[in-house]
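Fold and contact review
Below, each chain spelled out in residue letters.
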Amino acid sequence: MICITYLRVSTDRQGKSGLGLEAQRKAVADHVVGKGEIAAEYIEIESGKKNDRPQLARALAEAKRIGAVLLIAKLDRLARNVAFIANLLEAGVEIAAADMPEANRFLLHVMAAVAEHEAQAISDRTRAALAAAKARGVALGWSMPGRAGEQRHAARKGAERNARQADQHAANVLPVIRQIATRGASLRQIADELNTRGIKTARGGLWYAATVRNIMAREKEIEAQAA
């Protein structure tokens, strides 16, 4: 069995799940032991809510080209969206998950549909509860009296969260940057390759030499804080 592995992390979910790149890489490597080999690896740094996955598209194209299996560590590395998974299945590529070897095309459809239904149900209940509260005259959000102090606290927490997410994004992308840099690539060349691979910056934009330099500087700051 020849496999193309697809690894995905996102700045807002990796810390909660504990399933980073190295853990995913180990899971897929363990899965193929005695069964085959990994021909190529594709890494995506993107939110699971977004269906635009350039690296996934490349992984699927390569798997189809060489007749390989697209292997992921966990099923939630793919979007929890039935239409998205249906499109994947229609690509004509066999898909496998290390955490659920028995998964087949039918099961993937069912799991995606259930997850999508649950997400919609939660959203509907939240909207209904807020509408009912508003109809009773309940002040919602920051319009509630006496919440100025809470608002300032929330702003500080938000800034701290953004900083943590930036650090997490740096930790996710730095292994890729270091890998490219080992070939003697300049900052500009590193930026160009990140853009070619479809890897976004922490703000979802394109890479430039300056942003690559900033990420590398952030690595030194993180190491200094940990020392």
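The structure this text deals with has already been given above.
What you are looking at is a predicted structure, and each value in this text was computed from that prediction instead of being measured. (Residues numbered from 1 in each chain as written. Predicted model: local features only at pLDDT ≥ 70, side-chain atom pairs only at ≥ 80, totals over all residues. Heavy atoms only, no water.)

**Focus: the nonpolar core**
Core analysis: the largest hydrophobic core is formed by 25 residues, its most contacted members being V173, I177, L194, I199, W207, V212 and I215. Secondary structure elements with two or more residues in this core: β1 (2-9), α2 (21-32), β2 (37-45), β3 (69-72), α6 (148-181), α7 (187-197) and α8 (209-226). For this core, the element with the most residues is α6, which contributes six residues. The next biggest cluster of nonpolar side chains, apart from the first, holds 20 residues, and it includes I4, Y42, I95 and M100. (Core = buried A, V, L, I, M, F, W, Y, C linked by side-chain atoms within 4.5 Å. Buried < 20%, exposed > 50% of the residue type's maximum accessible area, 1.4 Å probe, protein only. Helix = DSSP H or I, 4+ residues; strand = E, 2+ residues; numbered from the N terminus.)

**Observations regarding the pattern of salt bridges**
What the rule picks out here adds up to seven salt bridges. With a shortest N-O distance of 2.8 Å, E62 and R65 are connected by a salt bridge. Taken together, the residues E62 and R65, both in helix α3 (residues 54-66) and three residues apart, mark about one turn of the helix. The partner of D192 in a salt bridge is R188, and the shortest N-O contact between them spans 4.0 Å. (Salt bridge = Lys/Arg side-chain N within 4 Å of Asp/Glu carboxyl O.)

**What to know about the sheet that holds β1**
Ordered in space as β2-β1-β3-β4, the four strands form an open sheet in which the pairing is parallel. In this open sheet, the two edge strands, each paired with only one partner strand, are β2 and β4 (95-97). Direction aside, the axes of adjacent strands within the sheet are offset by 25 degrees on average. When β3 meets β4, the two strands line up parallel, connected through three bridges. Paired with L71 across the bridge in β4 is A96. The strands touched by α2 are β1, β2, β3 and β4; relative to β1, the strand with the most contacts, the crossing angle is about 160 degrees. (Pairing = 2+ DSSP bridges. Axes fitted to C-alpha atoms, helices over the stretch in contact; angles between N-to-C directions. Contact = heavy atoms within 4.5 Å.)

**Things to note about α7**
Three or more residues of α7 are buried, namely I190, A191 and L194. Buried residues in α7, looked at end-on, bunch into an arc of 100 degrees, giving them a common side. Remark: G198 follows α7 within two positions and exhibits a positive phi of approximately 85 degrees. (Arc of directions from axis to C-beta.)

**Observations concerning α2**
Under the 1.5 Å per step criterion, the end-to-end length of α2 is 17 Å for twelve residues, consistent within 8% with the ideal 16 Å. Those residues of α2 not exposed but buried are L21, Q24, V28, H31 and V32. Along α2, the residues classed as buried sweep out an arc of 95 degrees about the axis, all on the same side. Counted as exposed and oriented over 90 degrees from the buried face of α2: E22 and K26. Immediately beyond the C-terminal end of α2, within one or two residues, lies G34, with a positive phi of roughly 75 degrees. (Expected span 1.5 Å × (residues − 1).)

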